[in-house]
Structures are given as C-alpha cells and as structure tokens.
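Coordinate inspection notes
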Amino acid sequence: MPNSAAPPPDLVRALQAFPDDAALIRRLFLADHSFRSACEDYRLACEGLFAFERLSGDGPRPEVQDYQRVVRELETEMRGMIQAARGRG
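Quick caveat: nothing in here was measured; it's all calculated off a predicted structure.

**Quick look at the packing of helix H3 (residues 33–55) against helix H4 (residues 62–88)**
At a closest axis distance of 9 Å, the pairing of H3 and H4 adopts a crossing angle of 155 degrees. As far as their axial angle goes, H4 and H3 are roughly antiparallel. Seen along the crossing, H3 lies across H4 with a hand that is left-handed. Of the residues in H4, those in contact with Ser-34, Phe-35, Ala-38, Cys-39, Asp-41, Tyr-42, Ala-45, Cys-46, Gly-48, Leu-49, Phe-52 and Glu-53 of H3 are Glu-63, Val-64, Tyr-67, Gln-68, Val-70, Val-71, Leu-74, Glu-75, Glu-77, Met-78, Met-81 and Ile-82. Residue composition of the contact of H3 with H4, by class: 16 nonpolar, three polar and five charged.

Next comes the structure, spelled out in structure tokens:
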C-alpha cells in the first residue's frame, strides 16, 4: 500500500519557496535538524505575514513590514544552507 501521508507543512512551504531545488530540499529536510528548524520558522513567519496582511485592510500595519523582513532573512538563511549542501554534494 503506498504512503499517502501528506508532506509536513514546513517542507511544503520550503518547496514552494525554492522549487528548483526540490530534491535537495527533501534530502536536507530529512537529514539536517538546522534546516528543518529553519523551514518551521519560515512557515510560521509566512503564516504570520499572511495574517497581518489580511488585517491591513484597515490601514498599514507595522507588523507587515516586520514579518516581511523576517521572511526575507529566513529565505536568505535557507538559500545559504541549500547552496552549502549543493557544494558538499
């Protein structure tokens, strides 16, 4: 019987952010605790950003800029981890 379990949401979010590196991301996610942690932080930051963007219909919210910055920083961190793993592979 095939495994029909959906991938973890943290992995899904990372794959959406870096689709060209899907195979490497899957390997990193399984093998590297730091990468998994960054993926979790990234998913949570993206969810927070989305929530505050929905609320900003009432006007600009400083939280939106804060979350945008955090999302960019996490993307940079994850990109570095992916590039480092590519260099080792």
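**Describing the environment of Arg-13**
For Arg-13, the location among the structural elements is in helix H1 (residues 9–17). Considering only alpha carbons, one finds Arg-13 and Glu-40, 27 residues apart in sequence, at a separation of 8.8 Å. Not counting chain neighbours up to four residues away, the residues in contact with Arg-13 comprise Tyr-42, Arg-43, Cys-46 and Glu-47.

**Quick word on the nonpolar core**
Among the nonpolar cores identified, the biggest contains 22 residues, and Ile-25, Phe-35, Met-78 and Ile-82 are the most heavily contacted of them. Of all elements in the fold, only H1, helix H2 (22–31), H3 and H4 reach the threshold of two or more residues within this core. When near neighbours in sequence (up to four residues on either side) are disregarded, Ile-82 contacts Phe-18, Asp-21, Leu-24, Ile-25, Leu-28 and Phe-35.

**What to know about the state of the cysteines**
By the definition in use, this model includes zero disulfides. No disulfide involves Cys-39; its sulfur sits 11 Å from that of Cys-46, the nearest cysteine. The class for Cys-46 is buried, based on a relative accessible area of 12%.

Criteria and cut-off values
Residues numbered from 1 in each chain as written. Predicted model: local features only at pLDDT ≥ 70, side-chain atom pairs only at ≥ 80, totals over all residues. Heavy atoms only, no water. Axes fitted to C-alpha atoms, helices over the stretch in contact; angles between N-to-C directions. Helix = DSSP H or I, 4+ residues; strand = E, 2+ residues; numbered from the N terminus. Parallel < 35°, antiparallel > 145°, perpendicular 65-115°, else oblique. Left-handed = near helix turned anticlockwise from the far one by under 90°. Contact = heavy atoms within 4.5 Å. Nonpolar A, V, L, I, M, F, W, Y, C, P; charged D, E, K, R; others polar. Core = buried A, V, L, I, M, F, W, Y, C linked by side-chain atoms within 4.5 Å. Buried < 20%, exposed > 50% of the residue type's maximum accessible area, 1.4 Å probe, protein only. Disulfide = S-S within 2.5 Å.

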